[in-house]
Amino acid sequence: MRDKQCGAVSRDDIGNTLTLSGWVFRRRDHGGLIFIDLRDVTGIVQVVFSPEISPDAHERAGDIKQEFVISITGKVRKRPEGTENPNVPTGEVEVYADTFQVLNTCKALPFQLDEEEPSEALRLKYRYLDMRRLEIQKVFVERSKAYKVIRDYLTSCGFLEFETPFLTKSTPEGARDFIVPSRLNAGNFYALPQSPQLFKQILMIGGFDKYFQIVRCFRDEDLRADRQPEFTQVDIEMSFVDVDDVLSVCEGLVSALYLELKGEPLATPIPRMPFSEAMELYGNDKPDLRFDLPMIEITDIFKDTEFGVFKKTIEDGGAIKCLVLKGKTLARKDLDTSVEITKEMGAGGLIWIRKESGNLKSPVVKYLKDNEISLMDERLHLSDGDVVFIMADGRNKVNDVMGRFRLYLGDKYDLIRKDQFKFLWIVDFPLFEYSEEEKRYVARHHPFTSPQGSIKDFSGDYGAFKARAYDLVLNGVEIGGGSIRIHRKDDQMEMFKLLGHKVEDAEEKFGFLLEALDMGAPPHGGLAFGFDRILMMLLGLESIRDVIPFPKTQKGTCLLSGAPSKIPQRQLNELRIRVTGEQQ
RNA sequence: GGGGUCGUAGUUAAGCCUGGUUAUAACGCCGGCCUGUCACGCCGGAGGCCGCGAGUUCAAUUCUCGUCGACCCCGCCA
């Protein structure tokens with residue numbers, strides 16, 4: 001049906017007769033002469049229909065419309081002097097059609113493939129048309145390359161690729177599960193995996209030593225620009241390792257991916273930052289280091305202050321922190337907007353101070369002592385025009401709000417160097433975090449995470465106990481995370497106990513893991529990368545939907561297939577399911 | 001569950017704030033012309049429940065409320 005792909009036609013083919021197939025991209029009908037850009041995934045090539053070459057083909061070519069699928073046969077020729085097109089790789093040559101065949105027609109398109117992007121909803125409904133666009137094809141060519149790099153790298157390191165069940169068991173903690181009813185066991189349900197966590201641990205206990213899988217995971221939570229209900233993880237697990245071993249393998253993998261997709265080596269090692277430092281400097285556990293602007297603590301400067309707000313904060317054990325915006329010109333309106341923005345973010349208030357002609361100016365300066373002002377000026381190295389934003393409140397509140405305000409400032413004042421890729425390991429996570437909803441401490445990572453040191457040394461201070469867990473962050477987005485696991489049953493039981501699980505419950509939910517841990521489980525640990533997110537970031541795209549062939553909308557629907565949908569009563573009966581409280 | 005943005009020919013947008021004669025443009029589509037174009041060009045034409053439903057008004061694409069859908073954010077996402 002074809003001798004080669006459209007983009008592969010070159011000057012080496014001049015003089016040869018080729019058969020080429022593809023889609024009619026653009027047509028330029030000059031009456032006497034018709035040009036068609038024939039397109040496939042490799043590129044486009046110009047086909048000429050001339051009455052002097054084939055009157056029949058020229059006559060019939062008048063009826064060809066865009067996106068017809070055609071096959072043409074003709075001689076490749078060098079283009080006449082002055083008509084070459086340097087913008088196209090095949091622009092030196094063209095194919096003079098002797099004969100052609102219409103393999104399929106195409107009705108009028110719902111949107112044009114070579115113009116402004118139609119709405120995303122329309123693109124998703126007609127995803128097969130959207131995909132024909134060059135820029136979309138590029139993404140999935142890159143995605144395919146990424147799969148290969150990952151498989152090549154990990155297998156070369158001795159990792160074995162596995163598949164684990166999709167029809168599996170619901171696990172407590174973590175995200176909401178997607179549920180699949182069991183026909184053979186009416187009234188019982190499978191859960192789709194949030195990750196293959198337990199199975200990969202079992203594979204380690206099974207002695208396979210190094211496991212990986214490029215695997216779909218499912219989480220029934222609300223969607224975001226970087227979150228889909230089904231997404232792909234690069235899942236990795238290794239035996240006889242500690243944190244450094246895992247991070248080192250992962251850095252190798254990320255470097256290989258980066259080299260493939262960005263065409264340049266990645267500077268390694270990737271820097272590491274303790275969780276607590278990330279929280280204190282950037283207010284979250286995934287700082288965007290493409291711009292600096294850390295929070296600076298100035299609580300100590302005001303230890304004897306007369307200024308009510310600060311005094312009260314310090315008495316209540318809170319913190320006073322600031323962000324210093326340098327080299328930007330802010331109008332009074334910008335400052336007022338900043339106050340509004342932080343209030344919307346949950347701040348009690350925001351104080352700004354601006355340095356003008358060597359003096360600090362602000363509505364609150366009159367409440368501050370001279371030495372407080374000069375200490376601030378000195379510590380913050382202020383120059384004329386600099387603005388200091390100060391917040392005083394509980395430490396967690398300050399970190400949270402200032403962290404988000406920092407991102408706002410970074411965006412608003414173009415501080416972010418958009419061409420940079422700042423990878424960062426966050427390490428030394430707390431093992432536990434308090435859940436307001438459940439009124440108890442839960443595992444911050446998951447309940448199989450090993451603490452630093454022995455779990456038997458737990459002092460009772462949940463907040464201070466650290467985990468052997470780590471996250472990989474790229475430009476303010478979490479792209480991977482993992483931990484060293486608990487590999488002994490007694491430790492795991494202790495962990496469940498600390499989390500407030502009853503022994504019977506733990507046995508019921510994880511009996512198979514607990515029993516396996518009791519039969520020679522090796523020390524092991526691993527990590528999972530969010531494959532879609534990494535692609536999104538490295539390809540410079542705004543949404544995870546852009547790197548998924550058939551993504552779902554924010555309400556979890558597939559505009560192409562119409563899922564989810566009702567099912568016939570017969571199927572419900574088979575499953576012994578009755579639908580109640582249905583919304584029409 | 002909550003906050004916000006958007007919805008106008010097939011498509012992308014303008015008009016809406018400040019209600020009033022025939023809702024504008026580009027691309028696409030249909031017809032005609034054109035032998036060197038490559039976003040071909042030129043001439044002509046068709047194409048609209050202004051998302052849907054209420055309300056205000058003499059009059060609503062325009063103002064208000066509701067609703068549906070897409071998107072962004074908070075909660076949620078070990």
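Keep in mind that this is a model prediction, so the values were computed, not measured.

### A closer look at the protein's contact with RNA strand B
So, step 1. The environment of RNA strand B is made up of 48 residues, and the closest members are Asp29, Thr83, Glu115, Arg444 and His445.
So, step 2. The contact atoms of RNA strand B, taken as those within 4 Å of the protein, divide so that sugar and phosphate hold 51%.
So, step 3. In the model, a sugar or linking oxygen of RNA strand B is placed 2.5 Å from a nitrogen or oxygen of the glutamate 221 side chain.
So, step 4. Lysine 555 is positioned with one of its side-chain polar atoms (N or O) 3.2 Å from a phosphate oxygen of RNA strand B.
So, step 5. Tallied by class, residues from the surface near RNA strand B come to 12 nonpolar, 16 polar and 20 charged.

### A few points about the sheet that holds strand E20 (residues 469–474)
For sheets, the rule is that strands pair by backbone hydrogen bonds, running either parallel or antiparallel.
So, step 1. Read from one edge of the open sheet, eight strands run E6-E9-E10-E22-E21-E20-E17-E11, paired in mixed fashion. Two strands close off the open sheet at either side, each with one partner strand: strand E6 (160–161) and strand E11 (272–274).
So, step 2. In the sheet, E11 pairs with strand E17 (residues 423–427) via three bridges, with the strands oriented parallel. By the bridge assignment for E17, methionine 273 is matched with isoleucine 426.

### Looking at the packing of aromatic side chains
So, step 1. The final tally for this structure, using the stated rule, is 25 aromatic pairs.
So, step 2. Both rings, one in tyrosine 258 and one in phenylalanine 421, keep their centres 5.8 Å apart while their planes meet at 75°; by these two values the pair is edge-to-face. Taken together, the positions of tyrosine 258 in helix H6 (residues 243–262) and phenylalanine 421 in the loop between helix H11 (395–412) and E17 put the pair 163 residues apart, joining distant regions of the chain.
So, step 3. With a centroid separation of 5.6 Å and 10° between ring planes, the pair formed by phenylalanine 307 and tyrosine 367 is classed as stacked. Highlighted residues: phenylalanine 307 in the loop between strand E12 (296–297) and helix H8 (308–315) and tyrosine 367 in the loop between strand E15 (359–361) and helix H10 (370–379), separated in sequence by 60 residues.
So, step 4. Taken together, Phe432, Tyr434, Tyr441, Phe458, Tyr462 and Phe465 form an aromatic cluster joined through their ring pairs.
So, step 5. Over the ring of phenylalanine 100 we find arginine 60; its NZ or CZ atom is 4.3 Å from the centre of that ring.

### Side note on the pairing of strand E19 (residues 440–443)
So, step 1. Note: strand E18 (residues 432–435) against E19, four bridges, orientation antiparallel. Within the sheet, the bridge partner assigned to phenylalanine 432 lies in E19 and is alanine 443.

### Overview of the packing of H6 against helix H14 (residues 531–538)
So, step 1. Where H6 meets H14, the closest approach of the two axes is 11 Å, and the angle between their N-to-C directions is 40°. Classed by the angle they form, the pair H6 and H14 counts as oblique. Handedness of the crossing formed by H6 with H14: right-handed. Only Ile534, Leu535 and Leu538 of H14 make contact with H6, whose side of the interface consists of Leu257, Tyr258, Leu261 and Lys262.
So, step 2. Residues of the contact of H6 with H14, tallied by class, amount to six nonpolar, no polar and one charged.

### Focus: the domain arrangement of chain A
So, step 1. Per the domain assignment, the segments of chain A are domain 1 (6–104), domain 2 (138–273 + 424–547) and domain 3 (291–416).
So, step 2. Placing a centre on the C-alpha atoms of domain 1 and another on those of domain 2 gives a separation of 51 Å.

### Quick notes on the side chain of aspartate 491
So, step 1. Mapped onto the fold, aspartate 491 is located in helix H12 (residues 489–498).
So, step 2. Among all residues touching aspartate 491, those that are not within four sequence positions of it are Ile455, Lys456 and Ile486.

### Here we look at H11
So, step 1. A rise of 1.5 Å per residue sets the reference length of H11, with its 18 residues, at 26 Å; its end C-alpha atoms lie 25 Å apart and thus fit the reference within 8%.
So, step 2. For H11, the full list of buried residues reads Val398, Asn399, Val401, Met402, Gly403, Phe405, Arg406, Tyr408, Leu409 and Gly410.
So, step 3. Once H11 ends, the next one or two residues include aspartate 414, with phi positive near 50°.

### What to know about the side chain of arginine 545
So, step 1. Within the fold, arginine 545 resides in the loop between H14 and helix H15 (569–575).
So, step 2. Ignoring any residue separated from it by four or fewer positions in sequence, one finds arginine 545 in contact with Glu120, Arg127, Arg224, Ala225, Gln228, Pro551 and Lys552.

### Regarding the sheet that holds strand E5 (residues 93–104)
So, step 1. Strand order in this closed barrel of five strands is E1-E2-E3-E5-E4, and the pairing throughout is mixed. Here the strands of the sheet are splayed against their neighbours by 55° on average, with no regard to which way each runs.
So, step 2. Pairing of strand E1 (residues 17–29) with strand E2 (residues 34–40), which is carried by five bridges, proceeds in the antiparallel orientation. Considered in E2, the bridge of arginine 27 is made with isoleucine 36.

### Here's the deal with the nonpolar core
So, step 1. By size, the foremost hydrophobic cluster in this structure holds 46 residues, and its most contacted members are Leu154, Ile236, Phe423, Trp425, Tyr470 and Phe529.
So, step 2. Take this core: its biggest share by element is 10 residues, from H6.
So, step 3. Those residues in contact with leucine 154 that sit more than four places away from it in its chain are Phe159, Phe212, Val234, Ile236, Val249 and Leu253.
So, step 4. Residues Leu18, Ile36, Val95 and Ala97 belong to the second largest nonpolar core, which totals 30 residues.

### Here we look at the environment of serine 119
So, step 1. Of note, serine 119 is situated in the loop between E5 and helix H2 (120–125).
So, step 2. Classification of serine 119 as partly exposed rests on a relative accessible area of 46%.
So, step 3. Separated by 164 residues in sequence, serine 119 and glycine 283 place their C-alpha atoms 35 Å apart.

### A short note on the pattern of salt bridges
So, step 1. Overall, the coordinates contain 51 salt bridges when judged by the stated rule.
So, step 2. With a closest N to O distance of 3.3 Å, arginine 123 and glutamate 117 form a salt bridge.
So, step 3. Residue aspartate 490 pairs with arginine 488 through a salt bridge whose shortest N-O separation is 3.5 Å.
So, step 4. Taking relative accessible area as the criterion, aspartate 490 reaches 36% and is therefore assigned partly exposed.
So, step 5. Residue class for arginine 488 comes out partly exposed when judged on its relative accessible area of 43%.
So, step 6. What emerges from the salt-bridge pattern is a single network uniting Glu117, Arg123, Arg127, Asp130, Arg133 and Glu135.

Thresholds applied
Residues numbered from 1 in each chain as written. Chains lettered and ligands numbered in written order. Predicted model: local features only at pLDDT ≥ 70, side-chain atom pairs only at ≥ 80, totals over all residues. Heavy atoms only, no water. Near = heavy atom within 4 Å. Polar contact = N/O pair within 3.5 Å; in protein donor to acceptor, adjacent residues only side chain to side chain. Nonpolar A, V, L, I, M, F, W, Y, C, P; charged D, E, K, R; others polar. Pairing = 2+ DSSP bridges. Helix = DSSP H or I, 4+ residues; strand = E, 2+ residues; numbered from the N terminus. Phe/Tyr/Trp six-rings, centres within 6.5 Å; stacked < 30°, edge-to-face > 60°. Lys NZ or Arg CZ within 6 Å of the ring centre and 35° of its normal. Axes fitted to C-alpha atoms, helices over the stretch in contact; angles between N-to-C directions. Parallel < 35°, antiparallel > 145°, perpendicular 65-115°, else oblique. Left-handed = near helix turned anticlockwise from the far one by under 90°. Contact = heavy atoms within 4.5 Å. Domains from an automatic or database assignment. Expected span 1.5 Å × (residues − 1). Buried < 20%, exposed > 50% of the residue type's maximum accessible area, 1.4 Å probe, protein only. Core = buried A, V, L, I, M, F, W, Y, C linked by side-chain atoms within 4.5 Å. Salt bridge = Lys/Arg side-chain N within 4 Å of Asp/Glu carboxyl O.

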